[in-house]
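Per-entry structural report
Below are the chains, spelled out letter by letter.
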Amino acid sequence: MTVVSLGECTGFNTKVNEGIKYVSFRYSGEGVLIKVRNRLEYIKNLKLFIEKNGIPSIMLVAEVDFFVLKFLKKYAQKNKIKLLYDSVEWYSPEEFKLGKLSPYYIINNRMNTKWLRDGFSVISISAFFESYFNSIDVRTERI
């Protein structure tokens with residue numbers, strides 16, 4: 001198992017922390033252009049990483065945007081990969097300065113209410129999440 005993210009830059013090299021392999025597709029540097037490049041090239045870099053390291057049977061997905069999610073759904077279906085989503089938060093608008101206009105709120109809310117359908121199973125952390133996802137016919141396991 002390898003954790004793939006846009007976390008602290010690893011120079012696209014796989015590293016190990018406490019026995020867990022991880023790699024970041026974040027380019028080094030600061031500023032708006034680097035942030036845009038990170039987002040624009042994430043899917044390309046993810047696909048190259050999968051092809052280089054072998055297609056997994058299961059992918060655990062957490063905190064991704066719509067475009068990455070759309071890619072993963074299509075890629076997983078084509079390659080018979082099981083997708084799991086780690087549902088640990090359902091934010092309220094009051095938690096953000098911009099309220100309902102906060103991008104973080106919007107993405108998280110849409111993930112929980114619209115995007116997690118076809119092809120996903122959910123790992124939920126509460127009876128509420130378990131009940132909600134089961135009610136919309138998304139297979140759920142509560143931990």
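Each remark here, short or long, concerns the structure printed above.
1. Section: the sheet that holds strand β4 (residues 58-61)
Taken in spatial order, the four strands line up as β4-β5-β6-β7 in an open sheet, and their pairing is parallel. Each edge of the open sheet is held by one strand with a lone partner, namely β4 and β7 (139-142). Within the sheet, the average angular offset between the axes of one strand and its neighbour, ignoring direction, is 25°. Pairing analysis gives five bridges linking strand β5 (residues 82-87) to strand β6 (residues 120-124), with the strands arranged parallel. Its bridge partner lying in β6, Tyr 85 is registered against Val 122.

2. A closer look at helix α4 (residues 127-135)
By the burial criterion, the buried members of α4 are Phe 129, Tyr 132 and Phe 133. Burial along α4 is one-sided: seen end-on, the buried residues are contained in an arc of 90°. At its buried positions, α4 is contacted by β5, α3 (103-115), β6 and β7. Remark: Asp 137 follows α4 within two positions and exhibits a positive phi of approximately 60°.

3. With respect to the packing of helix α1 (residues 32-53) against helix α2 (residues 66-79)
Put simply, α1 and α2 touch, their axes get as near as 10 Å, and they point 30° apart. Between α1 and α2, the angle is such that the two are roughly parallel. Crossing angle aside, the handedness with which α1 passes α2 is right-handed. Contact with α1, carried on its side by Tyr 42, Ile 43, Leu 46, Lys 47, Ile 50 and Glu 51, involves Phe 67, Val 68, Phe 71, Leu 72 and Tyr 75 of α2 and no other residues of that element.

4. So, the sheet that holds strand β1 (residues 2-5)
The pairing of strands in a sheet happens through backbone hydrogen bonds and is either parallel or antiparallel. Spatial strand order, β1-β3-β2: three strands in an open sheet with mixed pairing. Looking at strand neighbours, the two that pair on one side only are β1 and β2 (15-17), the edges of this open sheet. Averaged over all pairs of adjacent strands, the angle between strand axes in this sheet comes to 35°, irrespective of strand direction. Taken together, the three bridges between β2 and strand β3 (residues 20-24) define a ladder with antiparallel strand orientation.

Reading guide: rules and limits
Residues numbered from 1 in each chain as written. Predicted model: local features only at pLDDT ≥ 70, side-chain atom pairs only at ≥ 80, totals over all residues. Heavy atoms only, no water. Pairing = 2+ DSSP bridges. Helix = DSSP H or I, 4+ residues; strand = E, 2+ residues; numbered from the N terminus. Axes fitted to C-alpha atoms, helices over the stretch in contact; angles between N-to-C directions. Buried < 20%, exposed > 50% of the residue type's maximum accessible area, 1.4 Å probe, protein only. Arc of directions from axis to C-beta. Contact = heavy atoms within 4.5 Å. Parallel < 35°, antiparallel > 145°, perpendicular 65-115°, else oblique. Left-handed = near helix turned anticlockwise from the far one by under 90°.

Structural measurements only, silent on function.
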